[in-house]
Amino acid sequence: SNGSADTVDDAPVTVFHDPDNFNVKHPLMNTWTLWFTKPPSGKGDHWNDLLKEVISFDSVEEFWGIYNNITSTSELALKSDYHLFKKGVRPEWEDSQNKHGGKWAFQFKDKKAINIDALWLHVMLAAIGETLEEDGDNEVMGVVVNVRKGFYRIGLWTRTIGKAGDGKNGAAKGRTPEQGREVLMRIGKKFKEALGLESSNEVVEFSGHTDSANAGSTRAKAKFTV
Amino acid sequence: KIETNKTVEPPQPTAGMQALKSARFLQVRNEALNYPEGIKSPNPALNQGGKSKGRQYDKDFLLQFQEVFREKPSTDWELKLKETVGDSSDSARPQSAR
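Residues numbered from 1 in each chain as written. Chains lettered and ligands numbered in written order. Predicted model: local features only at pLDDT ≥ 70, side-chain atom pairs only at ≥ 80, totals over all residues. Heavy atoms only, no water.

**Student:** Would you explain the interface of chain A and chain B in this entry?
**Tutor:** As a measure of interface size, the accessible area lost when the parts come together is often cited. Facing 57 residues of chain A, the contacting portion of chain B comprises 52 residues. Carbon and sulfur atoms make up 63% of the area that chain A and chain B hide from each other, which totals about 5,000 Å². When the area that chain A buries against chain B is broken down by residue, the three leading residues are Phe16, Pro27 and Asn69 of chain A, summing to 15%. Counting every contact that joins chain A to chain B gives zero salt bridges. Counting every contact that joins chain A to chain B gives 16 residue pairs in polar contact (both at pLDDT 80 or more). Secondary structure elements with two or more residues in the side of chain A that touches chain B: strand E1 (24–25), strand E2 (27–37), strand E3 (51–59), helix H2 (60–67) and helix H3 (116–128) of chain A. Ranked by residues supplied to the side of chain A that touches chain B, first place goes to H2 of chain A with seven residues. (Contact = heavy atoms within 4.5 Å. Buried area = accessible area lost by both parts, 1.4 Å probe. Salt bridge = Lys/Arg side-chain N within 4 Å of Asp/Glu carboxyl O. Polar contact = N/O pair within 3.5 Å; in protein donor to acceptor, adjacent residues only side chain to side chain. Helix = DSSP H or I, 4+ residues; strand = E, 2+ residues; numbered from the N terminus.)

Structure below.
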């Protein structure tokens, strides 16, 4: 059922009309995969064994079925992560599609002052609703929430770091460095909005994955800020 | 004699699960659709772009589904969750009633 023309004659019944007998669902522009990082057991497990693919989905209705039946972020153990990435992209720096990329990220250091469940939900909705980037940007790879002792961090991974690309990875082809930077800044602003920080003095920072890797920590120098 | 209790049947998918499985994709840009009163349509401004195929949705539109569709993705969802997210604290999470 891919909504081809021959089925269009069925009178559409949405989940709002009849949650048990609807015959149309709302398609997403991309298929998304939800991943989960389990906290390490302390027995020398590899990070790769801790990263689990949970489920993929391609409709609005499916998203809510999953969201309404999965552990909320506020109830996760420390060192857990949820990752929501476009299908086919592993939520790791090492994935060839992430190798030249970076991320916008913000740490919420006062964990009790915020509603992390609402914030993470709003960021996921911006991702699946495709309101973070414009047609042709081809930058958004996925979004991630990290549960840590001293903070929650929400990130948005991009395909590039704004440099002019060779087009090999599908993006930034023919984009000047200036244009590449503009695209990332626009996405950063949308991300800040999704985090509800658009009118605050808080700073959302962008860094390249390789910068973070070389620094050996997440405290790499921010390349851009919004 | 040993009584083997084999009367436990596998859980049946709910009507909502089956509806989701058999539903076709709405053509958001091309199909005239009247949502029930009080339900907002997807923001038309988002869906006039060239490549978007009518698949962009604003937050307020998406949030309307939150209380409307609460079906588990599959009948074996609990097992799948246990294998991935784990069963640390999710059993303690209150199930919201339909």
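The structure having been displayed, the exposition proceeds.
**Student:** How should I be thinking about the packing of aromatic side chains in this particular structure?
**Tutor:** Geometry of an aromatic ring pair is reported as the spacing of the ring centres plus the angle between the planes. Overall, the coordinates contain 15 aromatic pairs over all chains when judged by the stated rule. With centroids separated by 5.6 Å and ring planes inclined at 85°, the aromatic side chains of tryptophan 64 of chain A and tyrosine 67 of chain A adopt a geometry described as edge-to-face. You can see tryptophan 64 of chain A and its partner tyrosine 67 of chain A sitting in helix H2, three residues apart, about one turn around the helix. Assessed through its relative accessible area of 0%, tryptophan 64 of chain A is described here as buried. Look at tyrosine 67 of chain A and you get buried, because its relative accessible area is 16%. With 5.5 Å between their ring centres and 15° between their planes, tyrosine 57 of chain B and phenylalanine 61 of chain B make a pair best called stacked. When sorted by exposure, tyrosine 57 of chain B lands in the same class as phenylalanine 61 of chain B, which is buried. One aromatic cluster is present, built from ring pairs that chain together Phe16 of chain A together with Tyr35, Tyr57, Phe61 and Phe65 of chain B. Here the basic side chain of lysine 25 of chain A rests over the ring of phenylalanine 25 of chain B, its NZ or CZ set 5.2 Å away from the ring centre. (Phe/Tyr/Trp six-rings, centres within 6.5 Å; stacked < 30°, edge-to-face > 60°. Buried < 20%, exposed > 50% of the residue type's maximum accessible area, 1.4 Å probe, protein only. Lys NZ or Arg CZ within 6 Å of the ring centre and 35° of its normal.)

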